[in-house]
Amino acid sequence: MYAIRIHETGGVEKLRTEDVPLPEPGAGELRFRVEAAGLNFIDTYKRSGLYAVKLPHTLGQEAAGVVTAVGAGVTDFRAGDRVASAAVNGAYAEEAIAPAAQTVPVPGGVDSRLAAAVLLQGMTAHYLACSTFPLHAGDAALVHAGAGGVGLLLTQMAKTRGARVIATVGTEEKATLAREAGADAVCVYTREDFAAATRAFTGGRGVDVVYDGVGKETFEGSLNSLRPRGMLVSFGNASGAVPAFAPLLLAQKGSLFFTRPTLAHYTQTPAELRARADDLFAWIAAGALAVRIGATFPLAAAAEAHRALEGRGTTGKVLLLP
Ligand code: NDP
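These notes cover the structure that comes with them. A quick note: this is a predicted structure, and the numbers were derived from the prediction, not measured.

1. A short note on the packing of helix α1 (residues 41-48) against helix α9 (residues 302-310)
Two numbers describe a pair of packed helices, the interaxial angle and the distance between the axes.
Then, in step 1: Two numbers describe how α1 lies on α9: the axes approach to 10 Å, and their chain directions differ by 105°. On the basis of their axis angle, the class for α1 and α9 is roughly perpendicular. For the pair α1 and α9, the contacting residues are Phe-41, Asp-43, Thr-44 and Arg-47 in the first and His-306, Leu-309 and Glu-310 in the second.
Then, in step 2: A per-class count over the contact of α1 with α9 returns 2 nonpolar, 2 polar and 3 charged.

Printed below as a string of structure tokens:
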């Protein structure tokens with residue numbers, strides 16, 4: 001089978017299409033034929049070297065498809081089942097391995113493209129809105145990159161929970177998408193000061209929470225957008241990692257809370273994972289969550305897809321199709 005691998009970290013030119021042996025599932029694992037792989041920003045961090053991986057490395061941790069083999073001890077799944085996982089070991093391939101405990105069955109009304117489009121970013125938006133800072137009716141939230149994969153889903157969930165949302169976006173076209181997702185206000189932060197826009201949105205008070213996946217470029221403005229004792233949820237590094245800072249800064253900015261969460265710690269048990277995934281599939285079935293697949297690329301064109309994501313040229317979800 002073929003897979004997209006890196007032998008060293010760096011730019012998109014490091015992605016290689018290679019013939020590799022079909023992987024065998026170990027104990028507690030399953031193998032499935034990948035029908036759609038999800039592109040996530042984390043894939044670019046692993047490719048660039050921001051996050052360390054053992055080399056050579058097959059990229060990709062999100063995919064959906066059909067089970068072709070199960071390892072010892074796997075009782076929940078069997079060959080032929082339709083599944084999805086956000087903890088895949090090498091999703092950029094024709095077939096991939098995932099831990100059964102981190103895999104979910106895909107319901108009948110959801111095809112593999114939709115499952116691969118919603119699982120990782122959807123569970124991320126779910127834990128951000130429901131667990132890290134559980135939004136309540138009347139809360140005000142700032143969502144950065146509001147037309148991105150996580151951003152569009154998080155904005156919808158925040159609105160469902162009754163929050164007021166101001167979203168930031170890079171372009172006018174993205175502003176339209178953020179508004180359609182329910183954002184009450186949108187700031188084009190490439191040309192406007194988003195902290196000032198957020199103050200105006202909240203009558204000078206500041207928001208209760210900032211969900212910031214942009215990182216380095218928005219860190220300071222995000223602190224300046226919060227009400228006293230508000231929370232900065234820093235969950236990503238699309239513009240680079242947030243630099244080290246002194247805890248005293250949080251006191252100076254209003255006794256703020258700062259957290260740097262990651263999905264693995266919010267899907268630690270199969271029960272927690274299933275509960276989040278079940279919510280996503282139920283909301284989709286009920287028409288309460290719209291999933292935008294902004295672009296699809298053939299798997300062999302993964303480099304082009306990485307370039308588009310890193311170049312801020314994508315909206316919603318990007319899929320890679322083997
Ligand atoms: P997106 O689809 O949101 O794409 C990233 C967006 O970030 C871009 O489209 C762009 O939107 C914005 N951006 C702002 N500055 C830059 C920059 N300098 N370079 C590139 N992009 C920039 O990606 P995802 O939905 O996949 O991920 C969003 C964030 O969430 C990422 O940081 C990712 O790592 C993080 N994440 C974290 C998880 C966790 O559990 N901690 C899990 C999943 C994702 P615009 O043009 O509108 O500014």
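After presenting the structure, the write-up continues.
2. Overview of the packing of aromatic side chains
Then, in step 1: Counted according to the given criterion, the structure contains 7 aromatic pairs.
Then, in step 2: Aromatic pair Tyr-127 and Tyr-266: ring centres 4.2 Å apart, planes at 10°, arrangement stacked. Here the residue Tyr-127 occupies a position in helix α2 (residues 112-132), and Tyr-266 occupies one in the loop between β14 (257-259) and α8 (270-285), the gap between them amounting to 139 residues.
Then, in step 3: Here Tyr-127 falls in the buried class, since its relative accessible area comes to 2%.
Then, in step 4: Judged by its relative accessible area of 18%, Tyr-266 falls in the buried class.
Then, in step 5: Judged by centre distance (5.1 Å) and plane angle (75°), the rings of Phe-245 and Phe-258 are edge-to-face. One end of the pair, Phe-245, is in the loop between β13 (226-234) and α7 (248-252); the other, Phe-258, is in strand β14, and 13 residues separate them in sequence.
Then, in step 6: Given a relative accessible area of 28%, Phe-245 falls into the partly exposed group.
Then, in step 7: The partly exposed category is assigned to Phe-258, whose relative accessible area is 28%.
Then, in step 8: Three or more aromatic residues joined by ring pairs make a cluster, and in this case those are Phe-41, Tyr-45 and Tyr-51.
Then, in step 9: Its end group placed over the ring of Phe-201, Arg-164 keeps NZ or CZ at 4.3 Å from the ring centre.

What counts and what doesn't
- Residues numbered from 1 in each chain as written.
- Predicted model: local features only at pLDDT ≥ 70, side-chain atom pairs only at ≥ 80, totals over all residues.
- Heavy atoms only, no water.
- Axes fitted to C-alpha atoms, helices over the stretch in contact; angles between N-to-C directions.
- Helix = DSSP H or I, 4+ residues; strand = E, 2+ residues; numbered from the N terminus.
- Parallel < 35°, antiparallel > 145°, perpendicular 65-115°, else oblique.
- Contact = heavy atoms within 4.5 Å.
- Nonpolar A, V, L, I, M, F, W, Y, C, P; charged D, E, K, R; others polar.
- Phe/Tyr/Trp six-rings, centres within 6.5 Å; stacked < 30°, edge-to-face > 60°.
- Buried < 20%, exposed > 50% of the residue type's maximum accessible area, 1.4 Å probe, protein only.
- Lys NZ or Arg CZ within 6 Å of the ring centre and 35° of its normal.

On their own, these measurements won't tell you what the molecule is for.
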